[in-house]
Amino acid sequence: MQTFDFSPFYRSTVGFDRVFNRLDTLVGQEAKTYPPYNIERTGEDAYRISIAVAGFSNGDIAIETKENSLVIKGAKPTETGDSKREFLHRGIAERAFELRFQLADYVEVHGASLENGLLHLELKRELPESKKPRTIQINGGTASIEDKSVN
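Residues numbered from 1 in each chain as written. Predicted model: local features only at pLDDT ≥ 70, side-chain atom pairs only at ≥ 80, totals over all residues. Heavy atoms only, no water.

Q: Whenever I open this one, the layout of surface pockets confuses me. Can you help?
A: One water molecule sets the probe size; rolling that probe over the atoms shows where empty space is left. Of the pockets and cavities examined, the second largest pocket occupies roughly 170 Å³. For the second largest pocket, the full set of lining residues is Ile-39, Tyr-47, Ile-49, Phe-101, Gln-102, Leu-103, Ala-104, Val-107, Leu-123 and Arg-125. When grouped by side-chain class, the residues that make up the lining of the second largest pocket number 8 nonpolar, 1 polar and 1 charged. (1 Å grid on protein atoms, 1.4 Å probe; cavity = no way out; pocket = protein on both sides within 12 Å on 5 of 7 lines; lining within 4 Å. Points joined across faces, edges and corners; volume = space filled by probe spheres on them. Nonpolar A, V, L, I, M, F, W, Y, C, P; charged D, E, K, R; others polar.)

Here is the structure:
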């Protein structure tokens, strides 16, 4: 396992503490392998997370966003004694899971759909008007230079 020292960056940056703290916590986390998922860029400011959730239905999955974090939890209801199934081979896990993603500032979930065993989450970065680039008008003075030559 590699460790990274971000202290040189602290000397020459201001206000990036959160970024380096986030990187520190991400380096220490173990990679989640279940359920498998893809993260793709679908546009300049649009993203999609696709998660393979075979065997799960809408009611078995909860999606929650809070501040800059996205949490997806899935759990199947426990089976009653009457409907116990006997498996000769069990290849579809259907076990409970929890995936956590850190979202960049102004990235929000715009929708979720479950189709063909894949849960698709649509994300979009929308900068508020106050953060978008704007053109500043330069106001000039009304003073003019007049010819003041002596006749």
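That shown, we press on.
Q: Is there a simple way to think about the sheet that holds strand E4 (residues 69-74) in this case?
A: Sheets are built from strands that pair by backbone hydrogen bonding, the pairs being arranged parallel or antiparallel. One open sheet holds the 3 strands; their spatial order is E3-E4-E5, and the pairing between them is antiparallel. Strands with a single pairing partner mark the edges of an open sheet, and in this sheet they are strand E3 (61-66) and strand E5 (97-102). With strand direction ignored, the average angle separating the axes of adjacent strands in the sheet is 15°. Pairing of E3 with E4, which is carried by 6 bridges, proceeds in the antiparallel orientation. Residue Ile-61 lies in a different strand from E4, and its bridge partner there is Gly-74. (Pairing = 2+ DSSP bridges. Helix = DSSP H or I, 4+ residues; strand = E, 2+ residues; numbered from the N terminus. Axes fitted to C-alpha atoms, helices over the stretch in contact; angles between N-to-C directions.)

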